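Next come the chains, spelled out residue by residue.
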Amino acid sequence: MISILLATYNWPQALKLCLESLATQTDQQFEIIIADDGSTDSTEQVIESFKNSHSISITHLWQEDQGFRKTKILNEAIAAAHGSYLIFLDGDCIVQPDFVANHRALAQKNYLVTGSRVLLNETLTKELLSWPTWDFARFCSNLIGKRLNGGINKYWPLKIKLGNDSWRDYKKFVWRRIKGCNMACWKADAESINGFDESMTGWGHEDADFVFRLQRHQIKRKSGSWSTEVLHLFHKIHDQSNAAENARRVREKILAKAI
């Protein structure tokens, strides 16, 4: 089974769309573990409403809001996961109906997958958040128009899906295209490196650190582009005051070839 580890923080409207998109998956063999970094009751209400109207197994893990501590709550989610394969997803991302199926197709022993995203602008994001429920077919109407007017920053990856070939394999660690909002690995591999580095607090680069340490542990990286794209809702930039320090720490590990 696959476990989707869904990170969220105080954006229940976006989380609702994300959950509704997961409910439309062609592959329903998964559970959802919500890794909640201190949201208020409105998020819990969205989750409970979803539970009452859908049969998907969903677990809500919550920790007190003490600043950005995504690494800690994700490690709790890893421990709680029943699936042998983990997909990491953020609650401000909407998934296509074949998202789980395509991640499953890319899953391979001794590999991790880093997916990609389609960025939505503020206008389109506001429109989607006003919908009573998520509707992928409605979203796909006039995709070219959405691309031309800047609503989305990519068109072809939503229209063309490519298979699992060797071009996806990365030969070495690179920062490029590591997005914690869409990546996957085996639970055993995540546990072998003790999950995320909880000493990395504040927004930024905890995902790159996780990928680097997996690769140093002889886990190969595979691109999920042109297969697993998520729709990333527009939002204001997070507080990035810790980003430079987190990046420095990752670079130190790279230079030292540490695990």
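These remarks concern the structure in this document. (Residues numbered from 1 in each chain as written. Predicted model: local features only at pLDDT ≥ 70, side-chain atom pairs only at ≥ 80, totals over all residues. Heavy atoms only, no water.)

**Focus: the sheet that holds strand β1 (residues 2–8)**
Part 1: The strand order across the open sheet formed by seven strands is β3-β2-β1-β4-β8-β6-β9, and the pairing between neighbours is mixed. Among the strands making up the open sheet, the edge pair consists of β3 (58–62) and β9 (220–223). Adjacent strand axes in the sheet meet at a mean angle of 20 degrees when their direction is disregarded.
Part 2: Here six bridges tie β1 to strand β4 (residues 85–90), and the two strands are oriented parallel to one another. When the sheet's bridge partners are listed, I2 is paired in β4 with Y85. (Pairing = 2+ DSSP bridges. Helix = DSSP H or I, 4+ residues; strand = E, 2+ residues; numbered from the N terminus. Axes fitted to C-alpha atoms, helices over the stretch in contact; angles between N-to-C directions.)

**Some thoughts on the side chain of R221**
Part 1: Within the element layout of this structure, R221 appears in strand β9.
Part 2: Within the buried core, R221 has no salt-bridge partner, and the shortest N-O distance to an opposite charge, that of D207, equals 9.5 Å.
Part 3: Within the local environment of R221, its side chain forms a polar contact with the backbone oxygen of V174, the two atoms lying 2.9 Å apart.
Part 4: Apart from the residues lying within four places of it in its own chain, the contact partners of R221 are Y111, L112, T114, R168, D169, Y170, V174, R176, R177, I178, V211 and Q215. (Buried < 20%, exposed > 50% of the residue type's maximum accessible area, 1.4 Å probe, protein only. Lys, Arg positive; Asp, Glu negative; His and termini not counted. Salt bridge = Lys/Arg side-chain N within 4 Å of Asp/Glu carboxyl O. Polar contact = N/O pair within 3.5 Å; in protein donor to acceptor, adjacent residues only side chain to side chain. Contact = heavy atoms within 4.5 Å.)

**What about the packing of helix α1 (residues 12–23) against helix α2 (residues 41–53)?**
Part 1: One can describe the packing of α1 onto α2 by two numbers: an axis separation of 9 Å at closest approach and a directional angle of 20 degrees. The orientation of α1 relative to α2 falls into the category roughly parallel. In this structure, α1 meets α2 at a crossing whose hand is right-handed. Taken together, the residues of α2 that come into contact with α1 (itself represented by P12, L15, K16, L19, E20 and A23) are S42, T43, V46, I47 and F50. (Parallel < 35°, antiparallel > 145°, perpendicular 65-115°, else oblique. Left-handed = near helix turned anticlockwise from the far one by under 90°.)

**A few points about the sheet that holds strand β7 (residues 117–119)**
Part 1: Overall, mixed pairing links the three strands, which are arranged β5-β10-β7 in an open sheet. Either end of the sheet is taken by a strand with one partner, and the two such strands are β5 (93–95) and β7. The sheet shows a mean angle of 30 degrees between the axes of neighbouring strands, direction not considered.
Part 2: Note: β5 against strand β10 (residues 230–232), three bridges, orientation antiparallel. By the bridge assignment, I94 is partnered in β10 with L231.

**Details of the pattern of salt bridges**
Part 1: The final tally for this structure, using the stated rule, is nine salt bridges.
Part 2: The salt bridge involving D98 is made with K161; its shortest N-O contact spans 2.8 Å. Separated by 63 residues along the polypeptide, D98 in the loop between β5 and α4 (99–106) and K161 in the loop between α8 (156–159) and β8 (182–186) bring together distant segments of the chain.
Part 3: The exposure class assigned to D98 is partly exposed, which follows from its relative accessible area of 22%.

**Some points on the environment of A81**
Part 1: Looking at where A81 falls in the secondary structure, it is placed in the loop between α3 (70–80) and β4.
Part 2: For the pair A81 and L5, spaced 76 residues apart in sequence, the C-alpha separation works out to 8.0 Å.
Part 3: Residue contacts for A81: discarding those within four places in its chain leaves S3, L5, E31, I33, L86 and K187.

**Thoughts on the side chain of D197**
Part 1: For D197, the location among the structural elements is in the loop between α9 (187–192) and α10 (206–216).
Part 2: Within polar-contact distance, the side chain of D197 engages the side chain of S199 at 2.6 Å.

**Side note on the packing of aromatic side chains**
Part 1: Following the criterion strictly, the structure yields 10 aromatic pairs and no others.
Part 2: Here W131 and W134 contribute two aromatic rings whose centre-to-centre distance is 5.8 Å and whose plane-to-plane angle is 25 degrees, an arrangement assigned as stacked.
Part 3: Consider the rings of W134 and F139, whose centres lie 5.7 Å apart with planes at 45 degrees: the pair is tilted.
Part 4: Under the relative-accessibility criterion, W134 is labelled buried at 6%. (Phe/Tyr/Trp six-rings, centres within 6.5 Å; stacked < 30°, edge-to-face > 60°.)

**A look at the nonpolar core**
Part 1: The biggest cluster of nonpolar side chains holds 27 residues, and the ones touching the most others in it are I4, L6, L19, L22, F30, I32 and L89.
Part 2: Listing elements by their share of this core, those giving two or more residues are β1, α1, β2 (30–36), α2, β4, β5 and α4.
Part 3: In terms of residue count, α1 provides more of this core than any other element does, four residues in total.
Part 4: In this view, L6 contacts L15, C18, L19, L22, I32, I33, I34, A35, L89, D90 and G91; residues no more than four positions away in its chain are not counted. (Core = buried A, V, L, I, M, F, W, Y, C linked by side-chain atoms within 4.5 Å.)

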